[in-house]
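# Coordinates in review
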Amino acid sequence: MARVYADVNAELGPGWYEYEHLHIEWNVPDNYEIIKRVGGGKFSEVFQGIDTSNEETCVIKVLKPIAKRKIRREIKVLRNLAGGPNVISLLDVVRDPPSKSHSLIMEYVDNTDWKLLYPTFTELEIKHYLFQLLTALDFVHSRGIMHRDVKPGNIMFDRANHKLRLIDWGLAEFYHPNTEYHIRVGSRPYKSPELLVGYSMYDYSLDLWCVGCMLAAMIFRKEHFFRGRDNEEQLARIVKVLGTDTFERYLEKYNMQVETDHPDLLRKHARVPWAKFVTNDNRPNVTPEAVDLLDRLLRYDHQERLTAAEALSHTYFNSVRFGAANKVKDPVSDSGFASM
Ligand code: ATP
Ligand code: MG
């Protein structure tokens, strides 16, 4: 069971977490004009657009034909989280009768592609953005919701304004204790051990594994910290770093077995000390605080992983928190970015 926020949905009741029978009033899309395509994935085509009623830029997420239940879930989650820190805003939902296509109208973020952005991050920026991400996650979890697809592609950065938004709520789900969930969620390099070994009674803590993967990739300056070609290799990559002994203790604790013939999972691996990943290029990022936080996030056992709130209060973020506490009128110039 989740260490925190386990009973949030029971307390808030079905009006909060039920979405199967949610009735959605779809508006007409007449006010929205497409400007250009900005992305897309398995479930949608995403465009930058304009709301002609007020000339504001927006995002038009045109949903591919997907299950009604999934559309309702994404909308319910976005509405429940409206106004939360660093959560993308849902502005409108529209249906185009001729094409029958459904679109979500969202707040637009002038995003810089993370593959270009991350390698240029300073130590202070890494801290600032991870703090923003964790702030979003603590809020989301406190509302009884797991995101289940935290990864760089689902985090929009507006570097000019030091703004971060967590997007793509298509896989988000409400957390109920002792419930089995689909393990086919997340994106491979960010899949947590519980997803890879088939432990389905997971909770909010699976999102914290993704944060750990992002922290590792950012401080060590790798595109993805763990990267396998399939799920088995993904697990092998993790075990080759975190070691076999702890992995076996983890499996034992949850009474699990992994059937595999992957050579790297059959062999014994000693834990690799974090210092082994230090290079001349990444050294300034790899402070003792960063490594300590990383070590507490990248744990096989989801019950051992720090929660979002615990991570936020880690000493790694002292300078960010200190800046936030002293925030006066202009958060941008007072956040310490002036010197970058
Ligand atoms: P996937 O299957 O890849 O996870 P998806 O179909 O669920 O994606 P999103 O992740 O919501 O869709 O959006 C796809 C892409 O569109 C994003 O990776 C991003 O590049 C772009 N995008 C989405 N929302 C916004 C936004 N609010 N502002 C700017 N760009 C956005
Ligand atoms: Mg996405």
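Only a predicted model underlies this, so the values are computations on that prediction, with no experimental measurement involved. Per chain, the residues get numbers from 1 upward, laid out in the order the sequence is written. Labels follow written order: the first chain is A, the first ligand is 1, and so on. Side-chain atom pairs in this predicted model are given and counted only at pLDDT of 80 or more, local residue features only at pLDDT of at least 70, and totals for whole chains, interfaces and linings cover all residues.

Turning our attention to the overall build of the protein chain. Counting its regular elements, the protein chain contains 14 helices and 9 strands. Taken against the 2.2 N^0.38 rule, which gives 20 Å for 340 residues, the C-alpha radius of gyration of the protein chain at 21 Å falls within 12% of a compact globule. Across its three principal axes, the protein chain shows a C-alpha extent of roughly 60 × 50 × 40 Å. A burial count over the protein chain gives 38% of its 340 residues as buried. Once local pairs closer than 6 in sequence are excluded, the contacts in the protein chain between residues at least 24 apart make up 67%. Helix and strand assignments follow DSSP, with helices taken as H or I runs no shorter than four residues and strands as E runs no shorter than two, numbered in order from the N terminus. Only C-alpha atoms enter the radius of gyration, while the globule expectation follows 2.2 Å times N to the 0.38, with N the number of residues. Here a residue counts as buried when 20 or more other C-beta atoms sit within 10 Å of its C-beta, as exposed when there are 12 or fewer, and as partly exposed otherwise, the C-beta atoms being derived from the backbone. Residues are scored as being in contact if the C-beta atoms we place from backbone atoms lie within 7 Å.

So, on to the UniProt feature "binding site: ATP" (unreviewed entry) in the protein chain. Mapped onto this numbering, the UniProt entry gives "binding site: ATP" (unreviewed entry) at Lys61. One can find Lys61 in strand S3 (residues 56-63). Contact partners of Lys61, with chain neighbours within four places excluded, come to Ser44, Val46, Ser103, Leu104 and Met106. UniProt positions are given in the numbering used here, feature names are shortened, and annotations may be inferred rather than shown by experiment.

In the case of a regular strand, side chains alternate between the two sheet surfaces. Sheet topology note: the strand S2 (residues 44-51)/S3 ladder contains 8 bridges and is antiparallel. Each residue of the ladder has a partner; that of Ser44, found in S3, is Leu63. Hairpin connection from S2 to S3: 4 residues lie between these consecutive antiparallel strands, with Glu55 at a positive phi of about 65°. Bridge count between S3 and strand S5 (residues 101-107): 6 bridges; the pairing is antiparallel. What sits directly across from Val62, in S5, is Ser103. DSSP bridges decide pairing: two strands pair if at least two such bridges lie between them.

Moving on to the UniProt feature "domain: Protein kinase" (unreviewed entry) in the protein chain. The positions UniProt marks with the feature "domain: Protein kinase" (unreviewed entry) are residues 32-317. Between the first and last C-alpha atoms of residues 32-317 the distance is 41 Å; the span itself is 35% helix and 18% strand.

Split by domain assignment, the protein chain resolves into domain 1 (13-107) and domain 2 (114-338). Measuring from the centre of the C-alpha atoms in domain 1 to the corresponding centre in domain 2 gives 27 Å. Taken together, the contact pairs 13 residues of domain 1 with 16 residues of domain 2. Here the element with the most residues in the side of domain 1 that touches domain 2 is helix H3 (residues 68-80); it accounts for 5 residues. The split of the chain into domains comes from an automatic or database domain assignment.

As a further point, take unusual backbone geometry. Even without glycine at this site, Lys100 takes up a positive phi of about 60°. Non-glycine residue His162 carries a positive phi angle of around 50°. In this structure, His162 sits in the loop between strand S7 (155-158) and strand S8 (163-166).

Moving on: the pairing of strand S4 (residues 90-96). With 6 bridges joining them, S4 and S5 adopt antiparallel strand pairing. If you follow Asp92 over to S5, its bridge partner there is Ile105. A loop of 4 residues connects S4 with S5, the two strands running antiparallel in sequence, and Lys100 in this loop sits at a positive phi of about 60°.

By convention here, the C-beta atom is placed from the backbone, and a residue is near a molecule or strand when that atom is within 6 Å of it. If you check the shell around ligand 1, you find 22 residues, and the closest are Gly39, Gly41, Ser44, Val46 and Asp168. Within the residue set of the shell around ligand 1, elements represented by two or more residues are strand S1 (32-40), S2, S3 and S5. Per-element accounting of the shell around ligand 1 gives the leading share, 3 residues, to S1. Two domains each provide a minimum of three residues to the shell around ligand 1, namely domain 1 (13-107) and domain 2 (114-338).

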